[in-house]
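Structural description and commentary
If you want the building blocks of each chain, they are given just below.
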There are 2 protein chains.
Amino acid sequence: MKERSKLLGYRESIKVVDATLRDGGLVNDFYFSDEFVKNLYQTNIDAGVDYMEFGYRASKKVFDESKFGKWKFCSDEHIREIVGENDTPLKLAVMADIGRHNKDDFDQKVNSPVDLIRVATYMHQLPDAIDMIEDAAKKGYETSCNIMAISNASEEDIKVALDMVCQTPVDVIYIVDSFGSLYPEQMARMADMYTSIADKYGKKVGIHAHNNQQLAFANTIEACGDGVDWLDATYREMGRGAGNCAMELLLGFLKNPKYDVFPVLKFIENNMNDFKENGIVWGYDLQYLITGLMNQHPRTAIAFTKDKRKDYAEFYNEILDI
Amino acid sequence: MKERSKLLGYRESIKVVDATLRDGGLVNDFYFSDEFVKNLYQTNIDAGVDYMEFGYRASKKVFDESKFGKWKFCSDEHIREIVGENDTPLKLAVMADIGRHNKDDFDQKVNSPVDLIRVATYMHQLPDAIDMIEDAAKKGYETSCNIMAISNASEEDIKVALDMVCQTPVDVIYIVDSFGSLYPEQMARMADMYTSIADKYGKKVGIHAHNNQQLAFANTIEACGDGVDWLDATYREMGRGAGNCAMELLLGFLKNPKYDVFPVLKFIENNMNDFKENGIVWGYDLQYLITGLMNQHPRTAIAFTKDKRKDYAEFYNEILDI
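Cut-offs applied
Residues numbered from 1 in each chain as written. Chains lettered and ligands numbered in written order. Predicted model: local features only at pLDDT ≥ 70, side-chain atom pairs only at ≥ 80, totals over all residues. Pairing = 2+ DSSP bridges. Helix = DSSP H or I, 4+ residues; strand = E, 2+ residues; numbered from the N terminus. Axes fitted to C-alpha atoms, helices over the stretch in contact; angles between N-to-C directions. Parallel < 35°, antiparallel > 145°, perpendicular 65-115°, else oblique. Left-handed = near helix turned anticlockwise from the far one by under 90°. Contact = placed C-beta atoms within 7 Å. Nonpolar A, V, L, I, M, F, W, Y, C, P; charged D, E, K, R; others polar. Domains from an automatic or database assignment. Least-squares fit on C-alpha atoms with pLDDT ≥ 70 in both. Core = buried A, V, L, I, M, F, W, Y, C linked by C-beta atoms within 7 Å. Buried ≥ 20, exposed ≤ 12 C-beta atoms within 10 Å, placed from the backbone. Right-handed = clockwise from strand over helix to strand, strands pointing away. Arc of directions from axis to C-beta. Expected span 1.5 Å × (residues − 1). pLDDT = per-residue confidence, 0-100.

**Describing the sheet that holds strand β1 (residues 15-18) of chain A**
Residue and element names in this part refer to chain A. Pairing is parallel in the closed barrel, where 8 strands are placed in the order β1-β2-β3-β4-β5-β6-β7-β8. Sheet twist, expressed as the mean angle between neighbouring strand axes with direction ignored, is 25 degrees. When β1 meets strand β2 (residues 51-56), the two strands line up parallel, connected through 2 bridges. Each bridged residue has a counterpart across the sheet, and for Asp18 the counterpart in β2 is Met52.

This is the structure:
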């Protein structure tokens, strides 16, 4: 049983990361209006959020620029149009998705409004991720390493991977429950494994959860109680498939007086109420429960949602066959 | 950290209680069709559910029978029309809501298809609840005591209440998070308090959770891991306000091979897809997060939902003023 002080007090070391544009962008192909992004930026400042992820910095050699909104590519210029010189306590992040990035798209930190490069990688891409982390750190950025789909990896492989990553200049290593398949008891063990390795190297640990089994918030506060300091969330849990940990739940939970849930509610009311009416759909539903339960990528459930299917039992049988 | 065996193995002593008709009935004034109820009964049998709660047995002296569906009153006759002699492993329950019940409405067990009387009470009604438990036990029923709104009670008062209730013939005492305001860490402490008192008297402990902060399932499996044996759930989490712990999540989690999530998915697909289209609305939304966070009864959030309001920030200010 955790210490009561962890509920009533707070740790200064906790950082809240808003991933709405990046994970939410997977739902609307990154077509956010400038007004939306400006309001979100201001709201993050008002709510005391520590980092705001603006999107992916995807390679234009890999993706056709005409088929996505600009936050798929997240140029320094586009970010500057929103934040100017960002003379605020809010730090800015972009994600480099290994295999779909291009190191040359990242300028020296002194020329960029970006503070943090988040490097997303699968286990088998680790050497490429380490190369990217080292390049970004050398350019002057903070870095995190987000190893995805760990619920499909063996603990011994994860330990080796963490040891490899921790020998780089990386600042934060993330527990990423890509499939929303982990229960809080398992999250507690992951947090124990990640923090004990990270502590040895003086690194921080983060958590990025998905809501396939309505456990994104529960897993995030479980990890937080277990000593994980960097907490990802998105407004109204907007994110791929079943979505993420909701920012409004997380800021309601955290006790540091610098966090304020009120501007988050106001932002949602003014900027997100019409998304679902306009066909931009995410969030928990039975198809995501099924892929989460089976520890599978949600792509089949996303297709099920897109096709407006409701035959959950048939889908369950299809997933069992995969 | 809990024992790994609690995730991979299972306890024979766990009982799953379907509360769809009772808590879900609060959403549609108990107007379920006979076809719906028959299908739900059969599905519970197929899914290995242990108990099915048919509704409240409310006093017709307190409520106008013409204004509710029959499962608000749950007569033995109406139950028999669905289950016959119920020659199945599924046991049947009804709820007596203290102050809104009438002892005389409960026949001797030998004349009734009902197995379990669930006695719902607030702390201040405890002597009346104890009277009802003793009467029901004398008539031959199993009994549970569901003390509501404990998140507003002091721990010392709860301990006194549990000691009082445990001195009756009651079989199960329930942890009831009526306002959906407890975090898993707090639930762990509640489970510890309830089970240590219940163990002394040879009683079982149950958990009935609400989803205001998307923690109904998380709190249910937290309590389960802490030794709580009776687990309430509802299909598609149908229940008052933000709803309950979803049966489909719970049966996906439990490892006893007698439980089967497939019939639950099939039932939802065939019987519950059109509820929301017909204006029967429940489930997590920001207004429920707000009352949960403030540890308040969800009635204001239910009114907000009914009025189709979306001004969450204004609602937050209203709730702060209460």
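**Digging into the packing of helix α11 (residues 286-293) of chain A against helix α13 (residues 312-321) of chain A**
Residues and elements named next belong to chain A. Close contact between α11 and α13 brings their axes to 10 Å; oriented N to C, the two are set at 20 degrees. Considering the angle they form, α11 stands roughly parallel to α13. Crossing of α11 against α13: the hand is right-handed. Facing α11, whose interface residues are Leu286, Gln287, Ile290 and Thr291, α13 presents Tyr312, Phe315, Tyr316 and Ile319. Of the residues that constitute the contact of α11 with α13, the class distribution is 6 nonpolar, 2 polar and no charged.

**So, the domain arrangement of chain A**
All names here are of chain A. We note that the domain assignment places domain 1 (5-278) and domain 2 (286-321) within chain A. The C-alpha centroid of domain 2 is placed 25 Å from the C-alpha centroid of domain 1. Counting residues at the interface gives 10 residues for domain 1, matched by 11 residues for domain 2. When the residues that make up the side of domain 1 that touches domain 2 are grouped by side-chain class, the tally is 2 nonpolar, 7 polar and 1 charged.

**Structural notes on the relation of the copies chain B and chain A**
Least-squares fitting of chain B to chain A yields an RMSD of 0.0 Å, with the superposition described by an axial translation of 0.0 Å and a rotation of 180 degrees. Taken together, these values place the two copies in the relation of a two-fold axis. Both copies present the same face, since 100% of the interface residues in chain B are matched by interface residues at the equivalent positions in chain A.

**What to know about the interface of chain B and chain A**
If you look at the interface, chain B gives 35 residues, while chain A gives 35 residues. Taken together, the elements giving at least two residues each to the side of chain B that touches chain A come down to α7 (184-201), α8 (216-225), α9 (247-253), α10 (262-271), α11 (286-293) and α13 (312-321) of chain B. Taken together, the residues of the side of chain B that touches chain A break down into 20 nonpolar, 5 polar and 10 charged.

**Observations regarding the nonpolar core**
The nonpolar side chains of a soluble globular protein tend to be buried with one another. Residues Ile173(A), Ile175(A), Leu250(A), Ile173(B), Ile175(B) and Leu250(B) are the most contacted members of the largest nonpolar core, which totals 206 residues. The contacts of Ile173(A), once residues within four sequence positions are left out, are Cys145(A), Leu162(A), Val165(A), Cys166(A), Tyr194(A), Ala198(A), Lys203(A) and Val205(A).

**Side note on the packing of helix α6 (residues 155-166) of chain B against α7(B)**
Residues and elements named next belong to chain B. Between α6 and α7, the least distance of the axes is 10 Å, while the angle of their chain directions is 25 degrees. Relative to α7, the element α6 is oriented roughly parallel. Here α6 and α7 pass one another in a crossing that is right-handed. Between α6 and α7, the contacting residues are Glu155, Ile158, Lys159, Leu162, Asp163 and Cys166 on the first element and Met193, Tyr194, Ile197, Ala198 and Tyr201 on the second. When grouped by side-chain class, the residues that make up the contact of α6 with α7 number 8 nonpolar, no polar and 3 charged.

**So, the sheet that holds strand β7 (residues 204-208) of chain B**
All names here are of chain B. Spatial ordering of the closed barrel is given by β1-β2-β3-β4-β5-β6-β7-β8, a layout of 8 strands whose pairing is parallel. Averaged over all adjacent pairs, the angle separating strand axes in this sheet is 25 degrees, with direction ignored. Where strand β2 (residues 51-56) and strand β3 (residues 91-97) come together, 4 bridges link them in parallel fashion. Among the inter-strand pairings, Met52 is bridged to a residue of β3, identified as Leu92. Its contacts with the sheet put helix α5 (residues 126-138) on β3, β4 (116-121) and β5 (142-147), and the angle it makes with β4 is roughly 175 degrees.

**Some words on the pairing of strand β6 (residues 172-176) of chain A**
Residues and elements named next belong to chain A. Taking burial as the measure, the 5 residues of β6 include 5 buried ones, the bulk of the element. Covered by surrounding structure in β6 are Val172, Tyr174 and Val176 together with Ile173 and Ile175, the residues of both alternating faces. As judged from the 4 bridges shared by strand β5 (residues 142-147) and β6, these two strands associate in the parallel manner. Its bridge partner lying in β6, Cys145 is registered against Ile173. On the question of chirality, the crossover connecting β5 to the parallel β6 by way of helix α6 (residues 155-166) is right-handed. Summarising the sheet, β6 and strand β7 (residues 204-208) pair through 5 bridges and their orientation is parallel.

**Here's the deal with unusual backbone geometry**
In the Ramachandran plot, Glu237(A) falls in the positive-phi region, its phi being about 50 degrees despite a non-glycine side chain. Position of Glu237(A) among the secondary structure elements: in the loop between β8 (230-233) and α9 (247-253).

**Brief notes about helix α10 (residues 262-271) of chain A**
The set of residues buried in α10(A) consists of Val264(A), Leu265(A), Phe267(A) and Ile268(A). The buried residues of α10(A) occupy an angular sector of 160 degrees when the element is viewed end-on, so they sit on one face. The secondary structure elements touched by the buried residues of α10(A) are α3 (34-47) and α9 of chain A together with α11 and α13 of chain B.

**Observations regarding α3(A)**
For α3(A), built from 14 residues, the straight-helix expectation of 20 Å at 1.5 Å per residue is met to within 8% by its first-to-last C-alpha distance of 20 Å. Looking at the packing, one finds that the buried side of α3(A) touches β1, α2 (20-28), β2, α4 (76-83), α9 and α10 of chain A.

**Description of the pairing of β3(B)**
Moving residue by residue along a regular strand, the side chains alternate between the two faces of the sheet. Within β3(B), 6 of the 7 residues are buried, which leaves the element mostly enclosed by the surrounding structure. Following the chain from β2(B) across helix α4 (residues 76-83) of chain B to the adjacent parallel β3(B), one finds a crossover that is right-handed.

**Looking at the confidence of the model for chain A**
Averaged over every residue, the pLDDT of chain A is 96; residues scoring 70 or more account for 98%. Interface confidence for the predicted complex, given as ipTM, is 0.95, next to a pTM of 0.97.

**Thoughts on the environment of Phe106(B)**
Residue and element names in this part refer to chain B. Mapped onto the elements of the fold, Phe106 is located in the loop between β3 and β4. Between the C-alpha atoms of Phe106 and Thr195, which are 89 residues apart in sequence, the distance is 29 Å. With residues near it in sequence (within four places) discarded, Phe106 still touches Arg57, Ile117, Ala136 and Lys139.

**Quick word on the environment of Pro113(B)**
Residue and element names in this part refer to chain B. Checked against the element boundaries, Pro113 lands in the loop between β3 and β4. The exposure class of Pro113 is partly exposed, given the 19 C-beta atoms found within 10 Å. Distance in space between the C-alpha atoms of Pro113 and Ile79 is 7.2 Å, their sequence separation being 34 residues. Contact partners of Pro113, with chain neighbours within four places excluded, come to Asp76, Ile79, Arg80, Val83, Asn86 and Leu92.

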